[in-house]
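What follows is the residue order along each chain.
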Amino acid sequence: DAKTTQPPSMDCAEGRAANLPCNHSTISGNEYVYWYRQIHSQGPQYIIHGLKNNETNEMASLIITEDRKSSTLILPHATLRDTAVYYCIVKRGFGNEKLTFGTGTRLTIIP
Amino acid sequence: GAGVSQTPSNKVTEKGKYVELRCDPISGHTALYWYRQSLGQGPEFLIYFQGTGAADDSGLPNDRFFAVRPEGSVSTLKIQRTERGDSAVYLCASSPSGGGRETQYFGPGTRLLVL
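Along each chain, the written sequence defines residue order, and numbers are assigned to residues from 1. Labels are handed out in written order, letters beginning with A for the chains and numbers beginning with 1 for the ligands. The model is predicted, so local features are restricted to residues of pLDDT at least 70 and side-chain atom pairs to those at 80 or more, both for listing and for counting; the totals for chains, interfaces and linings are taken over all residues. Water and hydrogen atoms play no part in the side-chain values, which are based on all heavy atoms of the structure.

1. Examining the interface of chain A and chain B
By definition in these notes, contact holds between two residues if any of their heavy atoms fall within 4.5 Å. Residue-level contacts link 21 residues of chain A with 22 residues of chain B. Summing both sides of the interface, chain A and chain B together bury roughly 1600 Å²; the carbon and sulfur share of this comes to 52%. By definition, a salt bridge exists where a carboxyl oxygen of Asp or Glu is found within 4 Å of a side-chain nitrogen of Lys or Arg. Scanning the region where chain A abuts chain B turns up zero salt bridges. In protein, a polar contact means a hydrogen-donor-capable atom and an acceptor-capable atom, both N or O and within 3.5 Å, with residues adjacent in sequence counting only if both atoms are side-chain atoms; elsewhere, any N or O pair within 3.5 Å suffices. Where chain A meets chain B, there are five residue pairs in polar contact (both at pLDDT 80 or more). Listed by contribution, the elements that provide at least two residues to the side of chain A that touches chain B are β3 (31-38), β4 (45-50) and β8 (84-92) of chain A. Strands are runs of DSSP state E lasting at least two residues, helices are runs of H or I lasting at least four, and both sets are numbered from the N terminus onward. Per-element tally for the side of chain A that touches chain B: the top contributor is β3 of chain A, with four residues. The buried area of a pairing is the accessible area, by a 1.4 Å probe, that goes missing from both parts when the two are put together, added over both.

2. Concerning the sheet that holds strand β2 (residues 18-23) of chain A
Residue and element names in this part refer to chain A. Strand pairing follows a simple DSSP-based rule, namely that at least 2 bridges must link the two strands. Judged by pairing direction, the sheet is antiparallel, and its four strands sit side by side in the order β2-β7-β6-β5 without closing on themselves. Looking at which strands have only one partner, the edges of the open sheet turn out to be β2 and β5 (55-56). Where β2 meets strand β7 (residues 70-75), six bridges bridge the pair, whose relative direction is antiparallel. By the bridge assignment, P21 is partnered in β7 with T72.

3. A few points about the sheet that holds β3 of chain A
Residue and element names in this part refer to chain A. Spatial strand order, β1-β9-β8-β3-β4: five strands in an open sheet with mixed pairing. Edge strands, defined here as strands with exactly one partner in the open sheet, are β1 (9-13) and β4. The sheet shows a mean angle of 25° between the axes of neighbouring strands, taken without regard to direction. By the bridge criterion, five bridges tie β3 to β4 in an arrangement that is antiparallel. The partner of Y36 across the bridge, within β4, is Y46. Note on geometry: axes are lines fitted to C-alpha atoms, helical ones only across the stretch in contact, with angles between N-to-C directions running from 0 to 180 degrees.

4. So, the side chain of Q38 of chain A
Examined against the element boundaries, Q38 of chain A turns out to sit in strand β3. Of the polar contacts made by the side chain of Q38 of chain A, one reaches the backbone oxygen of Q42 of chain A; its length is 2.9 Å.

5. Overview of the pattern of salt bridges
All names here are of chain B. This structure, assessed with the given rule, holds four salt bridges over all chains. Close ionic contact of R22 with D24 constitutes a salt bridge, the shortest N to O distance being 2.7 Å. Here R22 falls in the partly exposed class, since its relative accessible area comes to 38%. Buried means the residue's accessible area, taken with a 1.4 Å probe over protein chains only, is under 20% of the maximum for its type, while exposed means over 50%, and partly exposed covers the values in between.

6. Some thoughts on the packing of aromatic side chains
Each pair of aromatic rings taken from Phe, Tyr and Trp, with Trp reduced to its six-membered ring, is defined by centres within 6.5 Å and is described as stacked if the planes are under 30 degrees apart, edge-to-face if over 60, and tilted in the remaining cases. Applying the stated criterion across every chain, the model contains nine aromatic pairs over all chains. Centroid distance Y35 of chain B to F45 of chain B: 5.9 Å. Interplanar angle 75°. Geometry classified as edge-to-face. With Y35 of chain B in strand β4 (residues 31-37) and F45 of chain B in strand β5 (residues 44-50), the pair connects residues that are ten residues apart, well separated along the chain. Summarising the burial analysis for this pair, Y35 of chain B and F45 of chain B share the class buried. An aromatic cluster is defined as three or more aromatic residues linked by ring pairs; in this entry it consists of Y36, Y46, Y87 and F101 of chain A together with Y35, F45 and F106 of chain B.

Dropping the structure here:
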């Protein structure tokens, strides 16, 4: 699976959009971009995933660049409960079921 | 419905002892995963079960670690002759059938401390 690079930490004001970047310059054509988050003392929680088109669900939006070498997770109206470590993971859509986590981005929402 | 549950939530043991950690996946999920998370790090894959069989055990660090899932539901991670370096949070996850694009649902983890 391709490796990812994320900033170690970010702050965002409550109510503003949080934009979390991820670089995955060695991504292959059959690899998806996944985002999970981990709130303190809990297990990771799935947020969203995508292949090449932008995706949106009730939690977030995922913007993937045209060359697929980077992506941005957007939390449109951050709340204090969004404070967590956010992991960007690249994995194949088949045949390789494990998730390979990096160290993620620690997002702190400021009141 | 109930999520993934893990017991115990905390376990303290002494170096050299044997421990068992239990995972109850979401009902009906055939795929089950174990991960280990050291302080300040992301979770690290240990083993993946599809039904009763271990489909990928490439992440088990050595032969002191073993996991079973005899009836394709509950799984037990077993650690023999524990070492202080085994101290970590052990996470279990399940997914409906293990397909590559399925969401993995994680439990809260078991925090293991080896003294």
